[in-house]
Amino acid sequence: MSLALASRSVARTHSAIFRRQLHASHAVRSSHGDYHHLPFAWPHDKKASFAIKLTAYLGLGFAIPFVAGAYQLQKSGA
């Protein structure tokens, strides 16, 4: 068996396996409820408190680099 024939055989087998793995599967539904695309329940009646909590959470994450930069500048005496 020549090397070219062996490489074609391996390539053909590998592409067939790879092709089978690329198919899209259906969405998996949980057995204990409906499908939700968010990892938390949307607050239907507490929108104001949810907005305040979300703004505080995202604002803190956004402010950390600025606070750290100000701290480093203040520490160096600049």
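These numbers come from a predicted model, not from an experiment.

So, the overall build of the protein
- Within the protein, the secondary structure is distributed over 2 helices and 0 strands.
- A buried classification covers 1% of the 78 residues belonging to the protein.
- Of the accessible surface of the protein, which amounts to about 7700 Å², a share of 67% is contributed by carbon and sulfur atoms.

Considerations on the packing of aromatic side chains
- One pass over the structure, following the stated rule, counts 1 aromatic pair.
- A ring pair is formed by Phe62 and Phe66, whose centres lie 5.4 Å apart and whose planes are at 50°; its orientation type is tilted. Here the residue Phe62 and the residue Phe66 both occupy positions in helix 2 (residues 47–76), the gap between them amounting to 4 residues, near one helical turn. Here the two residues Phe62 and Phe66 agree in accessibility, since each one is exposed.

What to know about the UniProt feature "transmembrane region" (unreviewed entry) in the protein
- UniProt marks residues 54–73 with the feature "transmembrane region" (unreviewed entry), using the numbering shown here.
- The span residues 54–73 is 100% helix and 0% strand, and its two end C-alpha atoms sit 29 Å from each other.

Focus on a nonpolar patch on the surface
- A grouping of Leu38, Phe40 and Trp42 is seen on the molecular surface, where their side chains present a nonpolar patch of about 290 Å² in accessible area.
- Its place among the elements puts Trp42 in the loop between helix 1 (3–21) and helix 2.
- Judged by its relative accessible area of 45%, Trp42 is partly exposed.

Focus: helix 2
- In this model helix 2 runs 43 Å from its N-terminal to its C-terminal C-alpha over 30 residues, within 8% of the 44 Å that 1.5 Å per residue would give.
- Largest kink in helix 2: about 35°, centred on Ala63, with the proline Pro65 one to four residues after it.
- For helix 2, the tally of buried residues reaches only 0 of 30 residues, placing the bulk of the element at the surface.

What counts and how
- Residue indices begin from 1 for each chain and proceed along its sequence in written order.
- Thresholds applied to this predicted model are a pLDDT of at least 70 for local features of residues and 80 or more for the giving and counting of side-chain atom pairs; totals over whole chains, interfaces and linings are not thresholded and use all residues.
- The basis for every side-chain value is the complete set of heavy atoms in the structure, and neither hydrogens nor water enter the calculation.
- Where helices and strands are cited, they refer to DSSP runs of H or I of at least four residues and of E of at least two residues respectively, numbered from the N terminus.
- Only protein chains enter the accessibility calculation, which uses a 1.4 Å probe; a residue is then buried when its area is under 20% of its type maximum, exposed when over 50%, and partly exposed in between.
- With residues, only the protein chains shown are counted as cover, and all accessible areas are computed by Shrake-Rupley using a 1.4 Å probe.
- Geometry of aromatic contacts follows a simple scheme: Phe, Tyr and Trp rings, the Trp one being its six-membered ring, pair when their centres are within 6.5 Å, and the pair is stacked under 30 degrees between planes, edge-to-face over 60, tilted otherwise.
- UniProt positions are given in the numbering used here, feature names are shortened, and annotations may be inferred rather than shown by experiment.
- To count toward a patch, a residue needs a relative accessible area over 30% and no salt bridge; like charges are then connected within 9 Å, while nonpolar side chains (Val, Leu, Ile, Met, Phe, Trp, Tyr) are connected within 5 Å.
- Take a side-chain nitrogen of Lys or Arg and a carboxyl oxygen of Asp or Glu: if they are within 4 Å of each other, that pair is a salt bridge.
- A helix is expected to span 1.5 Å for every residue after the first.
- Bend angle per residue: angle between axes fitted to the 7 residues ending at that residue and the 7 residues starting there.

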